[in-house]
Amino acid sequence: MKTFFNLVQEVQKPGLCHRCGGCVTFCTAVNYGALELSEDGKPRFGDMEKCIECGLCYTICPEIDELEEDTRRLSNWSAPMGRIIETTVARAADKTVLKAGTDGGVVTALLLHMLDRGRIDGAIVARQVGRFQRQPFLAVNREEIKEGAGFFFDTSHGMKRFSDQYMTYSSIQEFDPMVRKGLRRVALVGTPCQIMSIRRMQALSLVPSETIAICLGLFCSGNFIFSPAEQARMAELGGFAWEDVQKINIKDALLVHLRDGEVKRIDLAEIESMRRYACRFCQDYSSEFADISFGGIGAAEGWTTVITRSPLGRAVFADARSAEAVEEFRREENAAFASEALGKVRAASGAKKKAARHNRRDLGTKPVVIDR
Ligand SMILES: Cc1cc2nc3c(=O)[nH]c(=O)nc-3n(C[C@H](O)[C@H](O)[C@H](O)COP(=O)(O)OP(=O)(O)OC[C@H]3O[C@@H](n4cnc5c(N)ncnc54)[C@H](O)[C@@H]3O)c2cc1C
Ligand code: SF4
Ligand code: SF4
Ligand code: SF4
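Residues numbered from 1 in each chain as written. Chains lettered and ligands numbered in written order. Predicted model: local features only at pLDDT ≥ 70, side-chain atom pairs only at ≥ 80, totals over all residues. Heavy atoms only, no water.

Asker: Tell me about the overall build of the chain, and name the residues and values.
Answerer: Tallying secondary structure elements over the chain gives twelve helices and 15 strands in all. Taking all 372 residues of the chain together, 56% fall into the buried category. With an accessible surface of roughly 16,100 Å², the chain has 50% of that area assigned to carbon and sulfur atoms. (Helix = DSSP H or I, 4+ residues; strand = E, 2+ residues; numbered from the N terminus. Buried < 20%, exposed > 50% of the residue type's maximum accessible area, 1.4 Å probe, protein only. Areas by Shrake-Rupley, 256 points an atom, 1.4 Å probe, with all protein chains shown as cover.)

Asker: Residues and numbers for the nonpolar core, please.
Answerer: Counting residues in each nonpolar core, the largest one holds 30 residues, and the members touching the most others are Leu111 and Leu216. Not counting the four nearest positions on each side in its chain, Leu111 is found in contact with Ile120, Ala123, Val125, Ile145, Ala187, Val189 and Leu216. Judged by nonpolar contacts, the second largest core, of 20 residues, contains Ile60, Leu188, Ile195 and Met201. (Core = buried A, V, L, I, M, F, W, Y, C linked by side-chain atoms within 4.5 Å. Contact = heavy atoms within 4.5 Å.)

Asker: Outline the sheet that holds strand 5 (residues 134–139), supporting the account with residue identities and numerical values.
Answerer: A sheet is described by the order of its strands in space; here eight strands give the open sequence 5-4-7-8-13-14-3-15, paired in mixed fashion. Strands with a single pairing partner mark the edges of an open sheet, and in this sheet they are strand 5 and strand 15 (326–328). In this sheet, adjacent strand axes meet at a mean angle of 30 degrees when their direction is disregarded. Taken together, the four bridges between strand 13 (residues 292–295) and strand 14 (residues 304–308) define a ladder with antiparallel strand orientation. From the neighbouring strand, Phe294 faces strand 14, where its bridge partner is Val306. (Pairing = 2+ DSSP bridges. Axes fitted to C-alpha atoms, helices over the stretch in contact; angles between N-to-C directions.)

Asker: Help me get a handle on the pairing of strand 12 (residues 263–267), residues and values and all.
Answerer: Burial along strand 12 is one-sided: Lys264 and Ile266 are buried, and none of Val263, Arg265 and Asp267, which face the opposite way, are. Bridging between strand 11 (residues 253–258) and strand 12 involves five bridges; their strand directions are antiparallel. Each bridged residue has a counterpart across the sheet, and for Leu254 the counterpart in strand 12 is Ile266. Hairpin connection, strand 11 to strand 12: the antiparallel pair is bridged by four residues, and Gly261 has positive phi, about 100 degrees.

Asker: Got a sec to walk through helix 12 (residues 337–362)? Specific residues and values, please.
Answerer: Taking 1.5 Å of rise per residue, the 26 residues of helix 12 would be expected to cover 38 Å, and the 38 Å separating its terminal C-alpha atoms lies within 8% of that figure. Of all the positions in helix 12, only Phe337, Ala338, Ala341, Leu342, Val345, Ala348, Ser349, Lys352, Lys353 and Ala356 are classed as buried. (Expected span 1.5 Å × (residues − 1).)

Asker: Just give me the short version of unusual backbone geometry, but keep the residues and values in it.
Answerer: The residue after Ala79, namely Pro80, is reached through a cis peptide bond having omega 0 degrees. Checked against the element boundaries, Pro80 lands in the loop between helix 4 (68–74) and strand 3 (86–92). Phi at Glu53 takes a positive value of approximately 55 degrees, unusual for a residue other than glycine. Along the chain, Glu53 turns up in the loop between strand 2 (43–45) and helix 3 (56–60). Given a relative accessible area of 51%, Glu53 falls into the exposed group. With phi around 55 degrees, Ser287 is a residue other than glycine that occupies positive phi space.

Note that every value here comes from positions in space, so none of it alone points to a role or purpose.
Rendered as C-alpha cells:
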C-alpha cells in the first residue's frame, strides 16, 4: 500500500506538489490526523504514529494517475478541455458585487443567489488578509460571501498575515469547519488543482466530499510568489508604484489597475520565474472538472467568461440569469462574444497543456527547485 511516504518521493521531491491540500484535508477530515500543512502550505507528517496506512492520501493526489479514468467519467470529461455545455460572458447585476468583483463578480453573484434560494448552506471562499495573501474560510451568510469577492489592494487590511504568495491557498482545509458545523450543501470555489482533488475524493465517495454540492472553478495560469525583490521587479516591469495599485487581475496577462484608472499590463512570460515550480507541469487552465468555470480571459474589462460544464452548473447559471442576479453581455455590441471568449480560453488551455507536456519531458533532466 502506498502512503504519504510515497507522495513525498513521487510528488514532493520532483517538485510536483502544488499544495492543493487534498492529502492533508482527507487525512484530517476522517480524523486520522497524521498530516498537517506547514506554514507555507506544504503537506507534511504532523504525527506519523497516527498513520494507519490507508493509502488514500496517495490515491486522491491529483498528481497520481490511479483515479484519472474514474475522475474523468464522473465529470463526463472530454478532450481537449473537458465538457462544455455553454460559454457566455456575464457580470453581476448588483452594482456593489460588480464593483467588488475580480472581473465581473459572477462567482460572488452566483454564490449569493444560491444561498438566497436555499440551494447551499455556505461556501468555501477566500478573503484577502494582506497585500498578496488570501485566507480560506467557510462563508455562511451574504456578508461573508461578499468578503471573498475580488482582489484589491487595501492597506487598511493591515497586512495581518502578509506573505509573498499571490492568491493561493488550500481552500479545502476548510472542510474541517464545514463538518463541525454540520453543513450539508456547500459550494467550493477553487483553482483547477483544488477542484481535481475534490473530484478524486468524490470518485471514491470519500467523506466529507459529498457535502460539496457544487464546484466553481477558476481559470488558472499559476500561483505567483512575490518576494520583495520580485515585487520591485514587477513595479519596474509595469512602471508603477505599489501604493498606487488598486486591484490586480489575470487574463492573458497580469493587469495592474491603478487608482487613477490607468491599467498596466505585464506579460505572464515576464514573470514566469515568479510562478510556483509545480505549476509548470499543470495541464488544466480552465477548471475542466468544475460544474462551472470562470475567468477574465476573453471578456471585456468588468466581465467574466463563464463555462457551464455539468447539468447542475447549467441549471444554477440559468436560474441566476432568469432571476436577474447576473446579466449577460449584450449581443448588439458583439454577436460573436461567446465564441470569441471560448476561442481565447481554448488557445490559453492548449498553450498550457503544451508547455506542461514539454516541461514534464524535461523533468528529471533539470535541477529541481521545490521551495515554491
Ligand atoms: C491563482 C489564480 C490564477 C488565475 N489565473 C487566471 C488566468 O490566468 N486567466 C483568467 O482568465 N482568470 C484567472 N483567474 C480567475 C480570475 O482571477 C477570477 O477569479 C475569475 O474571473 C472570477 O472573477 P469574478 O469577478 O467572477 O469573481 P469574484 O466574484 O471576484 O469571486 C472570486 C471568487 O474566487 C475566490 N478566490 C479568490 N482567490 C482564490 C484562490 N486563490 N483560490 C480559490 N478561490 C479563490 C474568492 O473567494 C471569490 O469567491 C485566476 C484566479 C486565481 C485565484
Ligand atoms: S499535490 Fe495536493 S494532494 Fe498531492 S501531495 Fe501536494 S498537497 Fe498533497
Ligand atoms: S492515514 Fe491514510 S491518509 Fe493519513 S497519512 Fe496515512 S495513508 Fe495517508
Ligand atoms: S497552475 Fe493553478 S491549477 Fe495548476 S497547479 Fe498551479 S495553482 Fe494549481
